[in-house]
Amino acid sequence: MRPAHLEPLRDYYPPGSVGRKAVVFGKHAMVSTQHPAVTDAAVAVLREGGTAIDALIAACLVQATVAQELTNHAGTVTVLHYQRATGRFQQLNSPGRVVPGLAPFRPLPVVPGTYSAQQPGAGAVVPGFMPALARCYADHARLPWARLVAPALEAATEGHRISPFEYQVMAWMLPYFQWTQSGRAHFTPSGRQPQVGEVWRQPVLADTLQQLANEGPGHFISGGWARAFVERGNELGWPVRLQHLGASPPEWEDPIRFPHGPDEIVSLAAPQIQGVSLALVLGMLRELDVTSIGHYDEEPLARYFLAHVLRRVRTEVGYLNDPKVFDDPTEVMLDPGFQAGLASVIRRSVPHRDLSEHVHLTSRTPSAPVPLGTDSCEISIIDPDGNWVQAMTTLSGSGIPGEVVGGVPMTGSLTDTSLDPPQNISGWYTGGGRVRTVMGNTMVVRNGEPWLALGTPGKVEATVPQVLSNVLDFAMSPDAAEATALSMPLQADYSLPMEMSVAPGMEAGLARLGIRVTPLGLTNWHLGSFQMCWRIGDSVLAGAAGSRREGKAAGF
């Protein structure tokens, strides 16, 4: 069902553009990523007989080469994998990891408008990117390692053309890298940022990728790049050691699975918060019977409930930590009775008087700052053997803040030890060093097999449940569900950051309920870019790349 206020869609934008892009179809395989070069590399691997994991490895390496405003070769990787032969779902969680026993090391100041804009600032972590690819390759790959590195090596050597979106986002994050000599040299190679339409070649990264192709992923874990990483950290005063980089390799684990109507949802388990967050949001919306009220874009009360649910869930998931260190409250949070109790509090909080005048009288009071956060890249793949992958690669959790080693830029990690950290990233400096983060990798199982895989960067704890509710509760197609207006959780001052492609009267209706809207434009790229693949019947695969950013879906 398409919300009635939306105009019929007349034109689609071409792949690689910001804007709504057409759904693509295939019979054998499907890929959706945030960059055309990444999609093309993954499809080529699948055509050569590679598995979904082969395609993922190639995609991650290319993405970290052509989209360094969003990710890099030293950041975080999470993977949700379905293996058709065994019928098993597994997750791989490989964030930048704090080093147990070493004090937090934060070499850069907290500066508004940069990656390190919030206290306590970005800290150094051990990279999780290459250990994740090493585990994936060892367990589920088919093609030679050097073949999977080749597209990224070519992109670094020959260069890639700077798009308007890449330029815009790079300009937003560039001040962070101006604090270090290596950052300035990398991102302003001719004394300025590469401009739109120019080809950006990265010879230093090309040398690193050539060694990666020759030596395998160990080059980043115990080889030449790893030694250079440790050397630079030591020069700055961080006493990291080479053995720290490979001390706790990521392991395949069981994800969360829970029912929603006739379907089953599979998502990432703790210390990732996405699975529990999804269960809580969807369960509370069910208890509030939002489908009987109307769609979030059309009925102010439905949006009111959604905003409050997202806020309350954000508080609850603060109690999730690494199950290897803490007890795990997941089972309690999945309990429908627990969800019903939370929902009842929100239901009984609805004002019974018109609060529009209050919103008008306080309209000149500044709203709470909108925590737009950092960014990432989502990847969705189905291979000809029926294996599915939904994964994320991100600059968050990458190495030494502001430094570039071997052509690999790093942002560090915004990890804090907190029940309510600004970026939902929290870690402990003893135990295993795994941090709590939120990545959106999710699948929907229908009739015993994957039916839909989706995820997004941005504020995933808020946006993924909204899109899933659109699909599962309001029977919208996945691509139409992604194109509706998305919102953040309700802020502490009763302001609601929200995209404005909503029905006329929504803002006034929310004002009557005491909520002041903070407009985020018709759409806002910080709210992500859904990469999705799904089945249509038994013989057709579909794919879509999100409207808020560049991207491309392709299949065969």
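Look up a bit, the structure's there.
These numbers were taken from a predicted model, which means no experiment stands behind them. (Residues numbered from 1 in each chain as written. Predicted model: local features only at pLDDT ≥ 70, side-chain atom pairs only at ≥ 80, totals over all residues. Heavy atoms only, no water.)

Draft legend 1. Looking closely at unusual backbone geometry. The omega torsion across A270 and P271 is 15 degrees, close enough to zero to call that bond cis. With respect to the helices and strands, P271 occurs in the loop between β9 (263-267) and α11 (274-287). One non-glycine residue, D289, lies in positive phi territory at about 55 degrees. Note on placement: D289 falls in the loop between α11 and α12 (290-293). Classification of D289 by relative accessible area gives partly exposed; the value is 40%. At A475, a position not held by glycine, the phi torsion is positive, near 55 degrees. Here A475 lies in the loop between α17 (460-472) and α18 (478-482). The class of A475 is exposed, set by a relative accessible area of 58%. (Helix = DSSP H or I, 4+ residues; strand = E, 2+ residues; numbered from the N terminus. Buried < 20%, exposed > 50% of the residue type's maximum accessible area, 1.4 Å probe, protein only.)

Draft legend 2. Region of interest: the pattern of salt bridges. Per the stated rule, a full pass over the model turns up 20 salt bridges. Of the charged contacts in the structure, one is a salt bridge between R142 and D385, with a shortest N-O distance of 3.2 Å. Of this pair, R142 sits in the loop between α3 (129-140) and α4 (145-158) while D385 sits in the loop between β10 (376-382) and β11 (388-394); the two residues are 243 residues apart in sequence, bridging distant segments of the chain. (Salt bridge = Lys/Arg side-chain N within 4 Å of Asp/Glu carboxyl O.)

Draft legend 3. Molecular detail of the side chain of H81. Position of H81 among the secondary structure elements: in strand β3 (residues 76-83). Those residues within four positions of H81 in sequence are excluded, and the remaining contacts are I53, R88, F89, Q90, H140, W252, N387, W388 and V389. (Contact = heavy atoms within 4.5 Å.)

Draft legend 4. Local environment of the sheet that holds strand β1 (residues 24-26). Reading across the sheet, the 7 strands line up as β1-β19-β18-β15-β14-β9-β8 and stay open at both edges, with antiparallel pairing between neighbours. This sheet does not close on itself; its edge strands, each paired only once, are β1 and β8 (256-260). Each adjacent strand pair in this sheet contributes to an overall mean axis angle of 25 degrees, direction not counted. Bridge count between strand β14 (residues 442-446) and strand β15 (residues 449-455): 5 bridges; the pairing is antiparallel. Bridge pairing links V445 to P450 in β15. α11 rests against β8, β9 and β14 of the sheet, and its axis sits at about 15 degrees to β8. Contacting β8, β9, β14 and β15, α17 crosses the sheet at an angle of about 140 degrees to β15. (Pairing = 2+ DSSP bridges. Axes fitted to C-alpha atoms, helices over the stretch in contact; angles between N-to-C directions.)

Draft legend 5. Fine view of the nonpolar core. V309, L452, L468 and L510 are the most contacted members of the largest nonpolar core, which totals 82 residues. Apart from the residues within four sequence positions on either side, V309 is in contact with V281, M284, L285, L288 and I346. One finds L92, V99, A132 and F229 within the second-largest nonpolar core, a separate group that totals 65 residues. (Core = buried A, V, L, I, M, F, W, Y, C linked by side-chain atoms within 4.5 Å.)

Draft legend 6. Inspection of the packing of aromatic side chains at higher detail. Per the stated rule, a full pass over the model turns up 14 aromatic pairs. Summarising the aromatic geometry, the rings of W172 and W525 are spaced 5.7 Å apart at their centres and angled 85 degrees between planes, so their arrangement reads as edge-to-face. Of this pair, W172 sits in helix α5 (residues 164-177) while W525 sits in the loop between β17 (516-519) and β18 (531-536), and the two are 353 residues apart along the sequence. Judged by relative accessible area, which is 37%, W172 ranks as partly exposed. Here W525 falls in the buried class, since its relative accessible area comes to 13%. For the ring pair F220 and W225, a centre distance of 4.5 Å and an interplane angle of 20 degrees mean the geometry is stacked. Through a chain of ring-to-ring contacts, the aromatic side chains of F105, F220, W225, F229 and W238 assemble into a single cluster. A cation over an aromatic ring shows up here: R446 above the ring of W451, its NZ or CZ 3.9 Å from the ring centre. (Phe/Tyr/Trp six-rings, centres within 6.5 Å; stacked < 30°, edge-to-face > 60°. Lys NZ or Arg CZ within 6 Å of the ring centre and 35° of its normal.)

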